[in-house]
Structures are given as structure tokens and as C-alpha cells.
Amino acid sequence: MTTEKLFTPLKAGALDLANRIVMAPLTRNRARAEDDAPYDIHVEYYAQRASAGLIITEASQIMPEGKGYAWTPGIYSKAQIDGWKKVTDAVHAKGGKIVVQLWHVGRISHTSLQPGGKAPVAPSAIAAKAKTFDGTAFVDTSVPRALETDEIAAIVDAYRQAALNAIEAGFDGIEVHAANGYLIDQFLRDGSNLRDDIYGGSIENRTRFLVEVMDAVTQAIGADRVGIRLSPLSNANAIADSNPMALFSHVIDRLNPYGLAYLHLVEGQTGGPRETPEGTDINALRKRFEGAYMANNGYTRSMAIEAVESGAADLVAFGRPFIANPDLVARLQQDAPLNDLDRGTLYGGGREGYVDYPTLDSQAAA
Ligand SMILES: Cc1cc2nc3c(=O)[nH]c(=O)nc-3n(C[C@H](O)[C@H](O)[C@H](O)COP(=O)(O)O)c2cc1C
């Protein structure tokens, strides 16, 4: 029997979690093509992983314009809410907890993925030097159109509605995706936000969109059911800022008063090195947050045990290990070997590489 704190329960806001091991949000591009809804295969995939203390779903667009890749699920239509309800029921039936990651990609999209073939929207009309997957190939992201000031309220409202939809779909809460160079991150950073209205310029102004989104979703469903993900020192999707420490110190100061369920930080480069540039310090940002802290990026069993034991993290999110190991919690508990990840089946496709990774039990029976 393991006694490490990693395997013990935690109450994070309104979320009563059986252990501190979290399934990180993982885009898998398997939503139903005709309506971007999750269906039976998603029910099976998430239910297989229900022993996580908390599942954070793959990023899910809050509105059609928020989509940036082929076959990602939405959380704005009845079919999508109905599909997600089956997922949450199955996870809850196995004693798990699940929140949905709310996503608007902003400029990380392509005209072929946008309603009416229009340009994606962003704080400023600056293309990201990044690629997206349009269903057949990796293509350069399209040049976006800068949002008019009076268009922004409708996007904030779509976040509010998506949070309400999440509760209707049976989710235990939501995670606001403010990481990895998508719309909220694009507003925050001075490399992608050159606006001269109240949403651009000073750090305070660049943080305004985030604050409006957080006001909307916390008022809609309660702050204790809302988490947020930031990747302050990552340049995922070609995001850049001249002073990320000053920016994200301000962001965290603005987040503290809400009393959120948790803050989730990607430490270092998303899916890459944990080291950060000189003069930056992820620990300083982590310590600035007053609530439950969820760490992510490159964690191994021993790193996760140590982080929770020492108080550096309350929760640890695992991404790639959860793709290949549906029973990751049991494997970490028993210090059992992990399955290897098949990179060829990460994005798109069907059951293969999705719901067919073996568990310890199925391996023992074989
Ligand atoms: C296939 C794949 C899909 C991902 N999709 C998302 C996503 O939808 N939302 C998000 O915030 N991060 C996403 N990420 C980043 C992961 O959540 C995580 O930050 C990254 O894999 C590092 O954690 P790990 O070392 O435990 O895998 C994705 C990563 C991978 C490998």
C-alpha cells in the first residue's frame, strides 16, 4: 500500500477529488465530423480513465469560430451537450470527476475551419507562425482579422453560456484554457496584441479580456467550480511577450480574489523542456497564487510524489502518460511499468491508439 500524499484525497473548491493525479487536457481530434459532438468512443475513452482524481477534457470550442483544428469537440450545441452528458454520466458512474476545458483558438485556425470560410478572429491582424491540421494536412494558420471592440462582449458571453452548458452536460466544473497561445493568451501578450483600445497596451488592458471571461464564468457557475490553465513561460503556437514575469504576476494577482478551484500551470515549454529562460521563475508565479495549485509538464512518478509531498503542488496533471495508460493511477500506485505512447495515433482516427491501450489487469489476463 502506498502512503504518499499524491494518492490521497483533496478538496479543491467544490471539487472533491479521490487523489491528486489529474488527467491533463488532451486534444485527440475524434469528434463526430458532422456536428463536432463527442459520442460513444469518447464515453469509453474517458470512462477508462475515471480513476484519475480529476479528468480535464480535451479543449472544446465555445462557439464555431473558436475552432482551429479538424474534429475537435464543441460545447455550444444541443448535440454536443447531449454527447458530453453521456461522457460525464459514465465517468461519474465509475466514481470519477470531470471538468471541460473551454477553448477559443483565436488566430490558431484556418479559413477552411471557420464558418463561411472567413478569417479567424484575434486581438490583432497578425498571423501566428504556426501550423494547424485541417483534416487532410498540416497547413499554415490563416491571417486573422482583428476583433472590433464591440464584438468582444459576444465572445465573453459565449464563455458564460459554455460554462452553463457544461453544468447542463453534468460536468463538475470547467477549466478556462488561457494557455498555449490561443485567444486569451493572444490578448495577454504584447507579441500578438497591438490593440489601442481598452483591451490593448498596458498589462492591465491586455488582461481585461481574461478578467471579463473569468467574471462571466464565475458568476454563471460559481468560482469554486472554475479552474484556469496558463502557460506563462511557454512559446507554444508562436506566442511571445516582452516581459512574461510582469504580465503573469499581474494575471495571478487578478485571479486570487475569485477563490477559484485551482490554478493549473504548464511549467516550461508545453510538452518540452521544463527549463525557462534567464530572469524567469515559474516557482515565483506558483507561489503568488493563493489557492490549490496544479502542476504540469514532464512529470514522472517520483517528481509528482516529491512535488505533492513537499507542498510545491497540490495536484499534478499528466498528459501523455494518460493517453497510453488508462489505469495510470494504479500503475503509479504500484510503481508498475508504463505503456509506450504511439505518436502515430495521437490526432484523429478511431479506436486504435485511443481506447485500446492495455490496463495492468488486461495485461495480466493475456
Ligand atoms: C496529443 C496532445 C494533445 C494536447 N491537447 C491539449 C489541449 O487540448 N489543451 C491543453 O491545454 N493542452 C493540451 N496539450 C498539452 C498537455 O495538456 C500537456 O501540457 C503536455 O502534454 C505536457 O504534459 P505531459 O508531459 O504530462 O505530457 C496536449 C498535448 C498532447 C501531447
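Look a little higher up for the structure.
Described in the following lines is the structure provided in the data block.

In this section: the site of the ligand. As a structural note, the neighbourhood of the ligand is formed by 23 residues, with Ala24, Pro25, Ala59, Gly319 and Arg320 the closest of them. Of all the elements in the fold, those that place two or more residues in the shell around the ligand are strand S4 (54-61) and helix H9 (320-324).

Despite not being glycine, tryptophan 71 has its phi angle at roughly 60°, a positive value. By the secondary structure assignment, tryptophan 71 is in the loop between S4 and helix H2 (78-93).

Turning our eyes to something else, we now look at the nonpolar core. Here is a general trend for soluble globular proteins: nonpolar side chains tend to be buried in one another's company. Counting 97 residues, the largest nonpolar core has Val22, Tyr46, Leu102, Tyr159, Ile174, Met294 and Val316 as the members making the most contacts within it. Looking at which element gives the most residues to this core, the answer is helix H3 (residues 152-168), with seven residues. Not counting chain neighbours up to four residues away, the residues in contact with tyrosine 46 comprise Ile55, Val87, Ala90, Val91 and Ile98.

Both faces of strand S14 (residues 315-318) are covered, namely the face carrying Leu315 and Ala317 and the face carrying Val316 and Phe318. Two strands pair when backbone bridges link them, and strand S3 (residues 21-23) and S14 are joined in this way by three bridges, in the parallel orientation. Following the sheet pairing, methionine 23 is matched in S14 by phenylalanine 318. Direction of pairing for strand S13 (residues 293-296) relative to S14: parallel, over a ladder of three bridges. The residue of S14 that forms the bridge with methionine 294 is leucine 315. Since S13 and S14 lie parallel, the crossover through helix H8 (residues 301-310) that links them has a hand, and here it is right-handed.

The rules we used
Residues numbered from 1 in each chain as written. Predicted model: local features only at pLDDT ≥ 70, side-chain atom pairs only at ≥ 80, totals over all residues. Near = placed C-beta within 6 Å. Helix = DSSP H or I, 4+ residues; strand = E, 2+ residues; numbered from the N terminus. Core = buried A, V, L, I, M, F, W, Y, C linked by C-beta atoms within 7 Å. Buried ≥ 20, exposed ≤ 12 C-beta atoms within 10 Å, placed from the backbone. Contact = placed C-beta atoms within 7 Å. Pairing = 2+ DSSP bridges. Right-handed = clockwise from strand over helix to strand, strands pointing away.

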